[in-house]
Amino acid sequence: MTYQVSDAAITQFVDTVRGKGYVDVRDYNQFLRSLDTSNAVFNVTLKRYKKVIEPTYTNPNNFGTFQQTFTVRYDGYFTKEILSTLYPSAQLADDDTSRRYTMHVGDICNVRIQSRGITLAGRLRSFLFRGQAVPIAIKKGGMVRSEAP
């Protein structure tokens, strides 16, 4: 039951973020409240990979040496940077647009949750199958589909 509740919460949050093109503090707080209903404590990891397209030059100081090709690179931004935008040191209203972590179409957004403890079902499963009790770990993500105005 804990797995189903947490899987539904992370799926809804990731779909919202990918559809809007930003992480809103209200959506993130709703996600955390949804995880709380599962009666488990989770570590949440947020990742964003920003798509950067760079033209290829034989001599970067001379634009005439463009090679008609491009290199695609992804720059990573992680939980600390994202949460510093959502929860700035200044007291701002939840609907303030500066508390949005904006992304662009083509960026990759990943969210991972891992429970801090073992559920009763996990302990029972490890007892029955003589294995190690494993915490709940769920990862969801994908490419940002649109950008909000």
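Rules behind the numbers
- Residues numbered from 1 in each chain as written.
- Predicted model: local features only at pLDDT ≥ 70, side-chain atom pairs only at ≥ 80, totals over all residues.
- Heavy atoms only, no water.
- Helix = DSSP H or I, 4+ residues; strand = E, 2+ residues; numbered from the N terminus.
- Polar contact = N/O pair within 3.5 Å; in protein donor to acceptor, adjacent residues only side chain to side chain.
- Pairing = 2+ DSSP bridges.
- Core = buried A, V, L, I, M, F, W, Y, C linked by side-chain atoms within 4.5 Å.
- Buried < 20%, exposed > 50% of the residue type's maximum accessible area, 1.4 Å probe, protein only.
- Contact = heavy atoms within 4.5 Å.
- Salt bridge = Lys/Arg side-chain N within 4 Å of Asp/Glu carboxyl O.

**Some remarks on the side chain of aspartate 107**
Argument step 1. Tracing the sequence through the fold places aspartate 107 in the loop between β4 (100–102) and β5 (108–115).
Argument step 2. Among the polar contacts made by the side chain of aspartate 107, one reaches the main-chain amide nitrogen of histidine 104 at a distance of 3.0 Å.

**Side note on the pairing of strand β2 (residues 42–57)**
Argument step 1. Alignment of β2 against β5, held across eight bridges, turns out to be antiparallel. Bridging across to β5, lysine 47 finds its partner in asparagine 110.
Argument step 2. Here ten bridges tie β2 to strand β3 (residues 66–78), and the two strands are oriented antiparallel to one another. Residue pairing in the sheet places isoleucine 53 in a bridge with valine 72 of β3.

**Regarding the nonpolar core**
Argument step 1. Counting 24 residues, the largest nonpolar core has Phe13, Val23, Tyr28, Phe31, Val44, Val111 and Ile113 as the members making the most contacts within it.
Argument step 2. Those elements that provide at least two residues to this core are α1 (2–20), α2 (25–36), β2, α3 (79–86) and β5.
Argument step 3. Take this core: its biggest share by element is five residues, from α1.
Argument step 4. Apart from residues no more than four positions distant in its own chain, tyrosine 28 is found in contact with Phe13, Val23, Val44, Leu46, Leu83, Leu86 and Tyr87.

**Overview of the pattern of salt bridges**
Two side chains that carry opposite charge are able to pair once their charged atoms sit near each other.
Argument step 1. Following the criterion strictly, the structure yields eight salt bridges and no others.
Argument step 2. Arginine 26 is paired through a salt bridge with aspartate 24; the nearest N and O atoms lie 3.0 Å apart.
Argument step 3. In this structure arginine 26 comes out as partly exposed when scored by relative accessible area, which is 40%.
Argument step 4. Accessibility expressed as a relative area gives 3% for aspartate 24, which makes it buried.
Argument step 5. Among the ionic pairs, glutamate 54 bridges to arginine 73, the shortest N-O distance being 2.2 Å. With glutamate 54 in strand β2 and arginine 73 in strand β3, the pair connects residues that are 19 residues apart, well separated along the chain.
Argument step 6. Judged by relative accessible area, glutamate 54 falls into the partly exposed class, the value being 31%.
Argument step 7. Classification of arginine 73 as partly exposed rests on a relative accessible area of 33%.

By themselves, these figures tell us nothing about what the structure is for.
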